[in-house]
Amino acid sequence: ATAGPRSFSAAEVRARCAQGACLVSCHRRLYDLSGFVRLHPGGEQLLRRRAGTDVSAALDGPPHRHSANARRWLEQYYVGEIEPGDEQVPPRQRAPNPAAAAQLCAWYWDGLRAPQHYNHCLLPQDLVDWQKPLLWQVGYLGEKYDEWVHQPVDRPIRLFHSDFLEFLSKTAWYVVFMVWTPVVLYLSWVSYTSLAQGNTRLFSSFTTEYSIPVHKYYFPFIFLLGMILWSLLEYLIHRFVFHMKPPASNYYLITLHFLLHGQHHKSPFDSSRLVFPPVPASLVIGFFYGVLRLLLPEVLGLSVFVGGLCGYIIYDMMHYYLHYGSPKKGTYLYGLKAYHVKHHFEHQKSGFGISTRFWDYPFRTLIPEETFKKED
């Protein structure tokens, strides 16, 4: 027989908090968010800000709304029940010292205004076998795929049977910086020195009289243009490719969607899959370079390309930071992190900007501001 949920006394909860645990209580159900709290917008600040305050005050989280996905996500960290009569833990008292108070973080979802009708059901039985590679399974989900892939979980994903292919599909964040930054620096030098020769003219392919010389002093502006074009391309790819809804009857399109982006929405904190691995990235980058070579003079196309490549590096680094960083509350990055978390957990069909929200404005895909406001 399967053992029932473990019971925790108030004293035991206090002891675990004092040791650095972050516990959440919701109608006597106890959850351990110690590993996740710093990934939540404001979690790192909560631990620092409340050092030396009244313990009970440090335990009361600010009321704000949580999506159904957030409540479903919470169930992954369920550890047991608080013993009857001990729901109000710990009692109001002064922390013995500021260092201990800094570690106390027992939030109450009652205080976070979790709906009273929430049934506390455990996670539903999953539709895939997590002990096997997922890539060849998801195509069979059919009409269930779109809902399943937008119900995030906190666990690593394996895509391929082959260890070699699996290795190529994963990468650490710093690899992107280490691989592509030298390329940007080298190509920037090549572009600038080529422009300095004074042989580059715009429109020279079809007119001589009205062609425009491109001087080396224009390079920073061309580079910036490449970055801006990349930010637009980033938005369009994210919205129309990564967030396409594959036909339920098409096994291959579902599999392709999961490979491109669905895996990230299913497991948004799989750190090895937050940035684009260099090998497949080089194929995509090479394609866009070829397009620019066809549209623009060689040096001009290279200058735009290198600016776009720099924009891509910033995008990938920003994306990783929005998932794993702890920006200070009130800063631009803090707002962007909260915005991106909303995209993952509640508004998957809007909020496509990652390194900037700018393009969400003209394309009318901005996440409504009221979803970020606290409940009354």
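Keep in mind that what you see is a predicted model, and the values were worked out from it rather than measured.

Rules behind the numbers
Residues numbered from 1 in each chain as written. Predicted model: local features only at pLDDT ≥ 70, side-chain atom pairs only at ≥ 80, totals over all residues. Heavy atoms only, no water. Axes fitted to C-alpha atoms, helices over the stretch in contact; angles between N-to-C directions. Helix = DSSP H or I, 4+ residues; strand = E, 2+ residues; numbered from the N terminus. Parallel < 35°, antiparallel > 145°, perpendicular 65-115°, else oblique. Left-handed = near helix turned anticlockwise from the far one by under 90°. Contact = heavy atoms within 4.5 Å. UniProt positions renumbered as here; feature names shortened; annotations may be inferred. Buried < 20%, exposed > 50% of the residue type's maximum accessible area, 1.4 Å probe, protein only. Polar contact = N/O pair within 3.5 Å; in protein donor to acceptor, adjacent residues only side chain to side chain. Patch = residues over 30% accessible without salt bridge, like charges linked within 9 Å, V, L, I, M, F, W, Y side chains within 5 Å. Areas by Shrake-Rupley, 256 points an atom, 1.4 Å probe, with all protein chains shown as cover. Salt bridge = Lys/Arg side-chain N within 4 Å of Asp/Glu carboxyl O. Phe/Tyr/Trp six-rings, centres within 6.5 Å; stacked < 30°, edge-to-face > 60°. Lys NZ or Arg CZ within 6 Å of the ring centre and 35° of its normal. Nonpolar A, V, L, I, M, F, W, Y, C, P; charged D, E, K, R; others polar.

Caption draft 1: Examining the packing of helix H9 (residues 219–242) against helix H10 (residues 251–266) more closely. Their axes nearest at 10 Å, the elements H9 and H10 cross at an angle of 140°. Compared by their axis directions, H9 and H10 come out oblique. Between H9 and H10 the crossing geometry is left-handed. Here H9 contributes His 238, Val 241 and Phe 242 to the contact with H10, which in turn contributes His 257, Leu 260 and His 261.

Caption draft 2: How the structure looks around the UniProt feature "binding site: Zn(2+)" (unreviewed entry) in the chain. Following the UniProt record, the feature "binding site: Zn(2+)" (unreviewed entry) maps to His 238, His 243, His 261, His 264, His 265, His 319, His 323, His 340, His 343 and His 344 here. Taking relative accessible area as the criterion, His 323 reaches 3% and is therefore assigned buried. For His 344, a relative accessible area of 2% gives the class buried. When sequence neighbours within four positions are dropped, the list of residues in contact with His 344 reads Asn 69, Pro 152, His 264, His 265, Pro 268 and His 323. Of note is the side chain of His 344, whose polar atom sits 3.4 Å from the side chain of His 323.

Caption draft 3: Structural view of a nonpolar patch on the surface. On the surface, a nonpolar cluster with roughly 390 Å² of combined accessible area is contributed by Phe 240, Val 241, Leu 256, Leu 259 and Leu 260. Only H9 and H10 provide two or more residues apiece to the nonpolar patch. With three residues, H10 is the largest single contributor of residues to the nonpolar patch. Within the secondary structure layout, Leu 259 lies in helix H10.

Caption draft 4: Fine view of the packing of aromatic side chains. Counted by the stated rule, this structure contains 22 aromatic pairs. Considering the side-chain rings of Trp 173 and Tyr 174, the 5.9 Å spacing of their centres and the 85° angle between planes classify their relative orientation as edge-to-face. Looking at Tyr 174, the relative accessible area reads 43%, which means it is partly exposed. Seen from the ring of Tyr 339, Arg 357 lies directly overhead, with NZ or CZ sitting 4.6 Å from the centre.

Caption draft 5: View of the packing of helix H11 (residues 278–295) against helix H12 (residues 298–324). It is the contact of H11 with H12, at a shortest axis distance of 9 Å, that shows an interaxial angle of 145°. As H11 runs across H12, the sense of the crossing is right-handed. Taking contact as the criterion, the partners of Ala 281, Ile 285, Tyr 289, Leu 292 and Arg 293 in H11 are, on H12, Glu 298, Gly 301, Leu 302, Val 304, Phe 305, Leu 309 and Tyr 312. Among the residues making up the contact of H11 with H12, the classes are represented as nine nonpolar, one polar and two charged.

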